[in-house]
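# Coordinate analysis (summary)
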Amino acid sequence: DAKTTQPTSMDCAEGRAANLPCNHSTISGNEYVYWYRQIHSQGPQYIIHGLKNNETNEMASLIITEDRKSSTLILPHATLRDTAVYYCIVRVVINTPLVFGKGTRLSVIA
Amino acid sequence: SQTIHQWPATLVQPVGSPLSLECTVEGTSNPNLYWYRQAAGRGLQLLFYSVGIGQISSEVPQNLSASRPQDRQFILSSKKLLLSDSGFYLCAWSPGRLDEQYFGPGTRLTVT
C-alpha cells in the first residue's frame with residue numbers, strides 16, 4: 001500500500017469545521033482512500049472512503065484532489081465527541097487488510 | 001445486524017504463560033477477519049488476517065499465532081507470553097475485499 005503523511009496533531013474549536021489533511025503522493029490508480037478514527041480505548045471506527053470523486057455521508061466529507069495525491073477529511077461541525085485519532089489509509093484493490101499509520105490526533109476544544 | 005465479540009475485555013498474565021483470545025462475528029458469513037495490536041502510545045499494527053477457514057496470513061513474525069477453526073471464529077494464541085506482548089488487541093471483520101472494517105471492543109492485555 002502507498003504510504004500516507006498526516007500532521008501529528010490538530011486543534012479545532014467546537015462547532016467549527018475540522019479539516020484534516022492527508023498526503024498520499026505515491027498513490028496508485030487502483031487504490032482507494034479510507035478514513036477511520038479511534039476514540040480513546042475503543043476500536044477504530046470507519047468514517048468514509050473514496051477513489052477519485054468527492055464523497056459525503058452523515059459523518060463527514062472527503063475531498064480528493066484531482067491528481068489524487070492528497071485528500072482532506074472534513075467534519076462540518078466538530079463536537080467534543082469528535083476528539084480522536086484520525087487515520088488516513090490508502091488501500092489496494094483485491095483482498096488486502098488496512099495498514100494504519102500514526103494518524104492525526106484531533107482535539108476539539110470547547 | 002452484524003456484531004463482533006471479543007473476550008476477555010481485560011487480561012493480566014505473567015511472562016511465559018499461554019494466551020488465547022477469541023473473536024466471533026454474528027450475522028454474516030464468510031467474513032474477512034483481522035487481528036491488530038496497539039501498544040501503549042503507538043499506532044495499530046496488523047498481526048494476522050484471514051479470508052477463509054484455515055487461511056491465515058501473518059504480517060509480523062513473532063511469538064503469536066492465529067487460527068480460524070470456524071467461519072466466524074478467529075483465535076489469537078501464544079505459547080509463552082513476553083513483556084512486549086502487552087497491548088490492546090483488536091479483532092475486526094469486513095464483508096469483502098473493498099469493504100470497510102468493523103472493529104470489536106478489544107482486549108487489553110498486560111503481561112507482568
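Cut-off values and rules
Residues numbered from 1 in each chain as written. Chains lettered and ligands numbered in written order. Predicted model: local features only at pLDDT ≥ 70, side-chain atom pairs only at ≥ 80, totals over all residues. Heavy atoms only, no water. Pairing = 2+ DSSP bridges. Helix = DSSP H or I, 4+ residues; strand = E, 2+ residues; numbered from the N terminus. Axes fitted to C-alpha atoms, helices over the stretch in contact; angles between N-to-C directions. Contact = heavy atoms within 4.5 Å. Salt bridge = Lys/Arg side-chain N within 4 Å of Asp/Glu carboxyl O.

## Considering the sheet that holds strand 8 (residues 84–91) of chain A
Residue and element names in this part refer to chain A. With respect to topology, five strands assemble into an open sheet ordered 1-9-8-3-4, the strand pairing being mixed. Across the chains shown, the open sheet's two edge strands, defined by having one partner strand only, are strand 1 (9–13) and strand 4 (45–50). Here the strands of the sheet are splayed against their neighbours by 25° on average, with no regard to which way each runs.

## Quick word on the interface of chain B and chain A
Between chain B and chain A, the contact holds 20 residues from the first and 21 residues from the second. The interface formed by chain B and chain A contains zero salt bridges. Those elements that place two or more of their residues in the side of chain B that touches chain A are strand 4 (32–38), strand 5 (44–52) and strand 9 (87–94) of chain B.

## A few points about the sheet that holds strand 3 (residues 19–26) of chain B
What holds strands together in a sheet is hydrogen bonding between their backbones, with the strands either parallel or antiparallel. Residue and element names in this part refer to chain B. Spatially, the four strands line up as an open sheet ordered 1-3-8-7, and their pairing is antiparallel. Here the strands that pair on one side only, and so sit at the sheet edges, are strand 1 (3–7) and strand 7 (64–70). Taken over all neighbouring pairs, the strand axes of this sheet differ in orientation by 20° on average, direction set aside. When strand 1 meets strand 3, the two strands line up antiparallel, connected through five bridges. Each residue of the ladder has a partner; that of Thr3, found in strand 3, is Glu26.

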